[in-house]
Amino acid sequence: MATTTMFLTSHSHVLISDRRRILRRLIQPSLDSVSPKSSTSAPQAPTVFSLAQNRRPVRLQFVAKAADSTRPSAVTVAPGSSIVPDEEFSLAKVSFGVIGLGLGISLLSYGFGAYFNILPGSEWSAIMLTYGFPLAIIGMALKYAELKPVPCLTYANALALREKCATPILKQVRDDVIRYRYGDEQHLEEALKRIFQYGQGGGIPRRSAPTLQSIREEVTEDGKYSLVLVFEAKALELSEFEKRQAKFTSFFGPGITAEVGKGSGDLYEVKLISETSP
């Protein structure tokens, strides 16, 4: 019995030692892959230390791109070339379509209100309705047929020369395009029709006709008054304007010289330069 007990005890110790040996073999490779060996960790220390020594401070530089687009350009403006605002009042700059439509609708509204005793003045309701209806119709017709004025840019030195140097035709052209017109398809319609010869031999189609976008009063380099007509023509080239330069001169003459140039995009400029010396 004692011999059997000793045999079982020694056999259990052998089994336990075998299990420990097997577990050590299984666990040791995973530990070796996780923890770095002393032989490989030693040469890495100088590398980290050298990187820490060679590290330099980083400077961040911020550039404001949005501010460059709104910053005014450093262009010097010559004396007398400042822009003069157009503050002159004229009835030609007032839309009669807006006036007629506003008066007609106001009379009709108050007339109906007075007729149904919502507003006072029932004895005047018939008169207000009688005149309000045709005024509203006329206002709508004028509003439909109106041609709005084009913007006019005037420089101070050109304004001083307008009365002395501008020809009567140049003054008339300026006055016609900066006021409301009624019934015309576009500004300078008759002039463009003769110059570009719509639908004729050597002319251009009417659908390709240039459109006046703005005018500008300025002084040339030799001190002459100039009225610049800025046209938009998406279907035309600069050559179409250049070969009609003499027609611009003859139509808006006498006493002027026409020069044709290319603007930005689809814009073309026709400069009508007065030959009158200041």
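Computed from a prediction, not measured in an experiment: that's the story for all the values here. (Residues numbered from 1 in each chain as written. Predicted model: local features only at pLDDT ≥ 70, side-chain atom pairs only at ≥ 80, totals over all residues. Heavy atoms only, no water.)

Caption draft 1: Expanded view of the packing of aromatic side chains. Scanning the model with the defined rule gives eight aromatic pairs in all. Relative to Tyr-182, the ring of Phe-96 has its centre 6.4 Å away and its plane inclined at 55°; by these criteria the two rings are tilted. With Phe-96 in helix α4 (residues 96–115) and Tyr-182 in strand β4 (residues 181–182), this residue pair connects regions lying 86 residues apart in the sequence. Using a relative accessible area of 41% as the deciding quantity, one classes Phe-96 as partly exposed. (Phe/Tyr/Trp six-rings, centres within 6.5 Å; stacked < 30°, edge-to-face > 60°. Helix = DSSP H or I, 4+ residues; strand = E, 2+ residues; numbered from the N terminus. Buried < 20%, exposed > 50% of the residue type's maximum accessible area, 1.4 Å probe, protein only.)

Caption draft 2: Expanded view of the packing of α4 against helix α5 (residues 125–145). One way to put it is that α4 packs onto α5 with a least axis distance of 7 Å and a crossing angle of 150°. For the element pair α4 / α5, the angle class is roughly antiparallel. When you trace α4 past α5, the crossing you get is left-handed. Here the contact of α4 with α5 is built from residues that sort into 19 nonpolar, seven polar and one charged. (Axes fitted to C-alpha atoms, helices over the stretch in contact; angles between N-to-C directions. Parallel < 35°, antiparallel > 145°, perpendicular 65-115°, else oblique. Left-handed = near helix turned anticlockwise from the far one by under 90°. Nonpolar A, V, L, I, M, F, W, Y, C, P; charged D, E, K, R; others polar.)

Caption draft 3: Region of the structure containing the UniProt feature "transmembrane region" (unreviewed entry) in the protein. Per the UniProt record, "transmembrane region" (unreviewed entry) is found at residues 96–118 and 124–142. The distance from the first to the last C-alpha atom of residues 96–118 is 30 Å, and the span holds 87% helix and 0% strand. Overall, residues 124–142 shows 95% helix and 0% strand. The separation of its end C-alpha atoms is 27 Å. (UniProt positions renumbered as here; feature names shortened; annotations may be inferred.)

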